[in-house]
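What follows is the residue order along each chain.
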2 protein chains.
Amino acid sequence: MPLPERFDAGLYFIGHIETPWRDRAACPRNARESDAVCTVVVDPRWAAALAGVETCSHLLVLYWMHEARRDLVVQVPRRHGTARGTFALRSPVRPNPVAASVVRLVGLEGTRLSVVGLDCLNGTPLVDIKPYFASTDAVAGAVVGWHATPER
Amino acid sequence: MPLPERFDAGLYFIGHIETPWRDRAACPRNARESDAVCTVVVDPRWAAALAGVETCSHLLVLYWMHEARRDLVVQVPRRHGTARGTFALRSPVRPNPVAASVVRLVGLEGTRLSVVGLDCLNGTPLVDIKPYFASTDAVAGAVVGWHATPER
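Computed from a predicted structure; not experimentally measured. (Residues numbered from 1 in each chain as written. Chains lettered and ligands numbered in written order. Predicted model: local features only at pLDDT ≥ 70, side-chain atom pairs only at ≥ 80, totals over all residues. Heavy atoms only, no water.)

According to the stated counting rule, one finds four aromatic pairs over all chains in the structure shown. Measuring from centroid to centroid gives 5.0 Å for F7 of chain A and Y12 of chain B, while their planes differ by 35 degrees, and the two rings are tilted. Here Y12 of chain B lies in the loop between strand 1 (9-11) and strand 2 (15-18) and F7 of chain A lies in the segment before strand 1 (9-11), a pairing that spans two chains. Y12 of chain B gets classed as buried once you look at its relative accessible area, which sits at 6%. Residues F13 of chain A and W64 of chain A carry aromatic rings whose centres are separated by 6.4 Å and whose planes lie at 45 degrees to one another, so their mutual orientation is tilted. (Phe/Tyr/Trp six-rings, centres within 6.5 Å; stacked < 30°, edge-to-face > 60°. Helix = DSSP H or I, 4+ residues; strand = E, 2+ residues; numbered from the N terminus. Buried < 20%, exposed > 50% of the residue type's maximum accessible area, 1.4 Å probe, protein only.)

Given below as structure tokens:
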């Protein structure tokens with residue numbers, strides 16, 4: 001699938017993420033498979049933007065899956081053998097490899113946030129940190145049909 | 001706050017979002033304030049990536065808040081009079097103005113998705129569509145302390 005010839009917008013990496021996982025094969029399959037404490041490190045340039053973050057129990061962290069190719073529109077997920085569209089998957093491989101993970105904040109020291117709930121490579125670039133609002137972000141009854149149905 | 005001199009990564013706009021709101025003042029304060037049906041329009045280039053999306057009850061939509069400035073690290077939220085750090089807010093104004101909204105999928109025709117749960121401007125560029133997994137994305141008990149505490 002040929003990618004567009006040029007980008008439409010630019011991102012700044014605002015920091016990076018420190019995790020125990022040094023290659024993709026070692027990463028957990030999803031963020032609930034590990035309770036490892038990871039560290040979200042914000043560049044000093046943005047330190048003032050963290051004021052108030054300490055009052056949040058959970059955060060939505062956006063990061064850049066820098067090792068992922070961007071040109072696949074259909075993929076076969078690791079444990080479900082049927083090909084699916086990229087937008088029906090949480091695979092890192094997508095046109096814009098921006099991941100969104102809900103993390104639990106367990107500590108904040110200066111510009112270093114200790115969190116539980118990440119599954120990415122050590123050194124992953126950080127794109128954004130947002131407060132997680134249960135009122136708008138939590139939908140307990142949501143269903144992903146293809147995933148809920150066992151493969152034959 | 002001076003921004004970095006260059007970008008670290010590039011985004012492709014993969015489509016756009018059609019909403020009833022033509023200027024920022026008209027937008028709902030958050031996505032649960034309106035039950036308007038909006039349309040997420042995916043560019044034909046990515047049509048195949050939608051296979052399987054129709055089985056999802058809810059999606060996580062990432063989009064680009066193209067009218068937002070990017071240089072504020074501290075802001076006063078509209079209805080809470082105290083200044084907070086950008087990363088403690090869901091304001092569109094942030095170093096990387098990528099919004100993340102949980103939407104309910106109510107229809108899919110070709111590359112047009114009808115959804116409920118957006119609060120953005122008409123014409124907002126689309127960055128990504130992901131399946132919403134309650135198992136990892138829903139945290140009903142999450143608290144944003146500064147928001148839960150009434151202003152004096």
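Back to the text.
Before going further, it helps to spend a moment on the interface of chain B and chain A. Interface size, as often reported, equals the accessible area lost upon joining of the parts. Taken together, the 69 residues of chain B in the interface contact 69 residues of chain A. Summed over both sides, the interface between chain B and chain A buries roughly 6,500 Å², with carbon and sulfur atoms accounting for 64% of that surface. Three residues, Y12, F87 and R90 of chain B, lead the burial of chain B against chain A; their summed loss comes to 14% of the area buried on that side. Taken together, the connections running from chain B to chain A amount to four salt bridges. (Contact = heavy atoms within 4.5 Å. Buried area = accessible area lost by both parts, 1.4 Å probe. Salt bridge = Lys/Arg side-chain N within 4 Å of Asp/Glu carboxyl O.)

With that out of the way, let us pick up the environment of R112 of chain A. All names here are of chain A. Assignment of secondary structure puts R112 in strand 8 (residues 112-116). In this structure the C-alpha to C-alpha distance between R112 and C38, which are 74 residues apart in sequence, comes to 10.0 Å. Setting aside anything within four residues of it in sequence, one finds R112 in contact with E18, T39, V40, V41 and G107. Engagement of the side chain of R112 in a polar contact is seen with the side chain of E18, the distance being 3.0 Å. (Polar contact = N/O pair within 3.5 Å; in protein donor to acceptor, adjacent residues only side chain to side chain.)

On to the UniProt feature "domain: TsaA-like" (unreviewed entry) in chain A. Mapped onto the present numbering, the UniProt feature "domain: TsaA-like" (unreviewed entry) falls on residues 11-141 of chain A. This span, residues 11-141 of chain A, is 3% helix and 36% strand, and a straight line between its end C-alpha atoms measures 33 Å. (UniProt positions renumbered as here; feature names shortened; annotations may be inferred.)

Before going further, it helps to examine the pattern of salt bridges. Applying the stated criterion across every chain, the model contains 14 salt bridges over all chains. Ionic pairing is found between D137 of chain B and R90 of chain A, a salt bridge with its closest N-O pair at 2.9 Å. With D137 of chain B in helix 1 (residues 134-137) and R90 of chain A in the loop between strand 6 (84-85) and strand 7 (98-109), the pair connects residues from two separate chains. When its relative accessible area of 27% is taken as the criterion, R90 of chain A is described as partly exposed. Across the pair K130 of chain B and D128 of chain B runs a salt bridge, and its minimum N-O distance is 2.9 Å. For the pair K130 of chain B and D128 of chain B, one class covers both residues: buried. One continuous salt-bridge network, built from bridges that share partners, spans R94 of chain A together with D128 and K130 of chain B.

D137 of chain B sits in the buried class, given a relative accessible area of 5%. At 2.9 Å, the side chain of D137 of chain B and the side chain of R90 of chain A are in polar contact. Residues contacting D137 of chain B, with those up to four places away along its chain left out, are R90, V102, Y132 and D137 of chain A together with P131 and Y132 of chain B.

Okay, the sheet that holds strand 7 of chain A next. Residues and elements named next belong to chain A. Pairing in this closed barrel of six strands is antiparallel, and the strands run 2-3-8-7-4-9 around the ring. Each strand of the sheet is rotated relative to its neighbour by a mean of 45 degrees, with strand direction disregarded. By the bridge criterion, five bridges tie strand 4 (residues 58-64) to strand 9 (residues 124-131) in an arrangement that is antiparallel. Its bridge partner being in strand 9, L60 is matched across the sheet by K130. (Pairing = 2+ DSSP bridges. Axes fitted to C-alpha atoms, helices over the stretch in contact; angles between N-to-C directions.)

This part takes up the sheet that holds strand 8 (residues 112-116) of chain B. As a general point, the strands of a sheet are linked pairwise by backbone hydrogen bonds and lie either parallel or antiparallel. Residue and element names in this part refer to chain B. Strands sit in the order 2-3-8-7-4-9 around a closed barrel of six strands; the barrel is antiparallel. Here the strands of the sheet are splayed against their neighbours by 45 degrees on average, with no regard to which way each runs. In terms of strand pairing, strand 4 (residues 58-64) meets strand 7 (residues 98-109) through seven bridges, oriented antiparallel. Its bridge partner lying in strand 7, Y63 is registered against A99.

Right, let's talk about the relation of the copies chain B and chain A for a bit. Screw-axis analysis of chain B against chain A gives a translation of 0.0 Å along the axis, an RMSD of 0.0 Å, and a rotation angle of 180 degrees. The superposition of one copy onto the other is thereby described by a two-fold rotation axis. The residues that chain B uses at the interface reappear at the interface of chain A in 100% of cases, marking a shared surface. (Least-squares fit on C-alpha atoms with pLDDT ≥ 70 in both.)

All names here are of chain B. Counting buried residues in strand 9 (residues 124-131) gives eight out of eight residues, a clear majority hidden from the surface. Looking at chain direction, strand 2 and strand 9 are connected through three bridges and run antiparallel. In the strand pairing of strand 9, H16 is matched with P125.

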